[in-house]
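Overview (structure and organization)
So the chains spell out like this:
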Amino acid sequence: MTARARARARARFYVFAIVDRRVDGLGRGMKSELTSIRVGPHAYAVGERFAEDAELPKPTPAVVLKHDRLIRRIMRAAGGSSAALLPARFGMVASDAALKKTLGQLDLKAAFERVRGCVQYTIRVHGKRTKKKKKKKHPPLAAEGPGATWLRDRQAATALPEIEALATATAVLVREASIDVRTTATTPPLLAVVFHLVEQSKARAWRSAVAKSTQLLPKTVSVSVTGPWPPYAFAEATP
Amino acid sequence: MVARKHEQHEPMLEGIDASLLDIVDHVLTKGIVITGDLVLGVADIDLVYLRLSAVLCAADRVLGDSSRTRASAKSRARNKTATAPTLGRDVIASKMGAPRLRRVKR
């Protein structure tokens, strides 16, 4: 093994995103030297190589902003409207060999197809919970165990009737949606964060639908929409 | 034709309307994680099903550098800010996700 090969083996690869095609020439005009390595039959990790003794990026505001900016840049380079990109969580770093081994075991094809051509919109829902009527317990179904009943009740409890108008208006435009139910001490309190995965071709229609439907929301609830984001909340891969 | 399509979508990815807090929230708490399943059983009977999540990152970002762990434990306890990524070994650091029950074989 040559000295260069040894240094490369010891180097660490800081991953920004995993894409389904090789993207080159990303470092032009930027301080970062982005490069891509093949981690599967149709999967490439795009990131920056750090020497063994080099200091890795710390999560400062400037670095976090740059992280997001680079992921957007990679997404455009990977095909824009047809891109299949899985953003990596901040701090994902490994050797080339470890990346290949671990990512090679995952079903990245399914993960790519899930997000292909899509962007994410994030909706923060603030306000007061609408008063629930008398708590209605679901009677257990014949073929249902107590766990399933509990899950059904829990699902009903975490549903967001407050933004039903928005959910209905955007239903046909959203490929997938997920909800993080959070509570904060802010005024008004944060009820939940909703993520919508939207095809880029439908994004304009989605924004228009959201703008119209927010007028129909209860007065106790307000929403703030940010995006388009790379599909951060939908980047998952399973073995 | 293709070039025009790219032009149409490029501003959309550029035109983000978000605060620093939003960006921090997305970059630090979202992104690809590796998940897996584990079934704990005794004598060929599956008893408990667990869903695991693993974040691929340097060990000492999650666990702390072992050589400095004792010395910095007190200071870390005092200062509960996010641990910055430091030099580290390559491992898969796993954390338990929400456990889910699975039907027991009979």
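Residue indices begin from 1 for each chain and proceed along its sequence in written order. Following the order in which they are written, the chains are lettered starting with A and the ligands numbered starting with 1. Where totals are concerned, whole chains, interfaces and linings use all residues; where local detail is concerned, this predicted model gives features only for residues with pLDDT of at least 70, and gives and counts side-chain atom pairs only at 80 or more. Each side-chain value is worked out from all heavy atoms of the structure, with water and hydrogens disregarded.

**Some points on helix H7 (residues 203-213) of chain A**
Residues and elements named next belong to chain A. Every buried residue of H7 is accounted for by Ala203, Trp206, Ala209, Val210 and Ser213. Burial along H7 is one-sided: seen end-on, the buried residues are contained in an arc of 120°. Away from the buried face of H7 by more than 90 degrees, exposed residues Arg204 and Lys212 are located. Here the term buried applies to any residue with accessible area under 20% of the maximum for its type, exposed to any over 50%, and partly exposed to those in between, with areas from a 1.4 Å probe on protein chains only. Here a strand is any run of E in DSSP of at least two residues, a helix any run of H or I of at least four, and the numbering for each starts at the N terminus. Relevant arc is that of directions from the helix axis to the C-beta atoms, nothing else.

**Considerations on the nonpolar core**
As used here, the term nonpolar core means buried Ala, Val, Leu, Ile, Met, Phe, Trp, Tyr and Cys residues forming a set that is joined through side-chain atoms within 4.5 Å. Of all hydrophobic cores here, the largest spans 44 residues; its most connected members are Val19, Ile74, Val125, Ile163 and Trp206 of chain A. Elements that contribute at least two residues to this core include exactly strand E1 (12-19), strand E3 (43-50), helix H2 (61-77), strand E6 (118-127), strand E8 (190-199), H7 and strand E9 (221-229) of chain A together with helix H2 (20-29) of chain B. Looking at this core, the element that brings in the most residues is H2 of chain A, giving five residues. By definition, residues are in contact when any of their heavy atoms lie within 4.5 Å. Discounting residues that sit within four places of it in the chain, Trp206 of chain A has contacts with Tyr121, Ile123, Thr170, Leu173, Val174, His196, Val198 and Val225 of chain A. Judged by nonpolar contacts, the second largest core, of 29 residues, contains Phe13, Ala45, Leu106 and Val115 of chain A.

**Observations regarding the packing of H2 of chain A against H2 of chain B**
Axis definition: a line fitted to C-alpha atoms, limited for helices to the stretch in contact. Angles are taken between N-to-C directions and run from 0 to 180 degrees. At their nearest, the axes of H2 of chain A and H2 of chain B sit 9 Å apart, and the two run at 70° to each other. Taken together, the axes of H2 of chain A and H2 of chain B lie roughly perpendicular to each other. Seen along the crossing, H2 of chain A lies across H2 of chain B with a hand that is left-handed. When H2 of chain A is examined against H2 of chain B, the residues Pro61, Val64, Leu65, His67 and Asp68 of chain A are found in contact with a partner set consisting of Leu20, Ile23, Val24, Val27 and Leu28 of chain B. Counted by class, the contact of H2 of chain A with H2 of chain B contains eight nonpolar, one polar and one charged residues. In this scheme, roughly parallel covers angles under 35 degrees and roughly antiparallel covers those over 145, while 65 to 115 is roughly perpendicular and the rest are oblique. By definition, turning the near helix anticlockwise from the far helix through less than a right angle yields a left-handed crossing, and turning it clockwise yields a right-handed one. Gly counts as polar in this scheme, as do all residues outside two lists: the nonpolar Ala, Val, Leu, Ile, Met, Phe, Trp, Tyr, Cys and Pro, and the charged Asp, Glu, Lys and Arg.

**Some words on unusual backbone geometry**
Gly227 of chain A connects to Pro228 of chain A through a cis peptide bond whose omega is 5°. With respect to the helices and strands, Pro228 of chain A occurs in strand E9.

**Section: the confidence of the model for chain B**
Residue and element names in this part refer to chain B. Every residue carries a pLDDT, the predictor's confidence in it, which falls somewhere between 0 and 100. Residues with a pLDDT of 70 or more make up 13% of chain B, whose mean pLDDT is 53. Taken element by element, chain B is modelled with least confidence in strand E3 (residues 90-96), mean pLDDT 34, and with most confidence in H2, mean pLDDT 85. Note on residues 1-12: pLDDT is under 50 here. Beyond four places in sequence and across chains, it has 12 contacts. Contacts from residues 79-101, a stretch scored under 50 in pLDDT, to residues over four places away or in other chains number 59 contacts. Prediction confidence for the complex, expressed as pTM and ipTM, is 0.70 and 0.77 respectively.

**Some details on the pattern of salt bridges**
Residue and element names in this part refer to chain A. What counts as a salt bridge is simple: a side-chain nitrogen of Lys or Arg found within 4 Å of a carboxyl oxygen of Asp or Glu. Using the criterion set out here, one finds 12 salt bridges over all chains in the structure. A salt bridge links Asp68 to Arg72; its shortest N-O distance comes to 2.8 Å. Within this pair, Asp68 and its partner Arg72 are both found in helix H2, separated by four residues, close to a single helical turn. Taken together, the shared-partner salt bridges in this structure form one network comprising Asp20, Arg21, Glu113 and Arg116.

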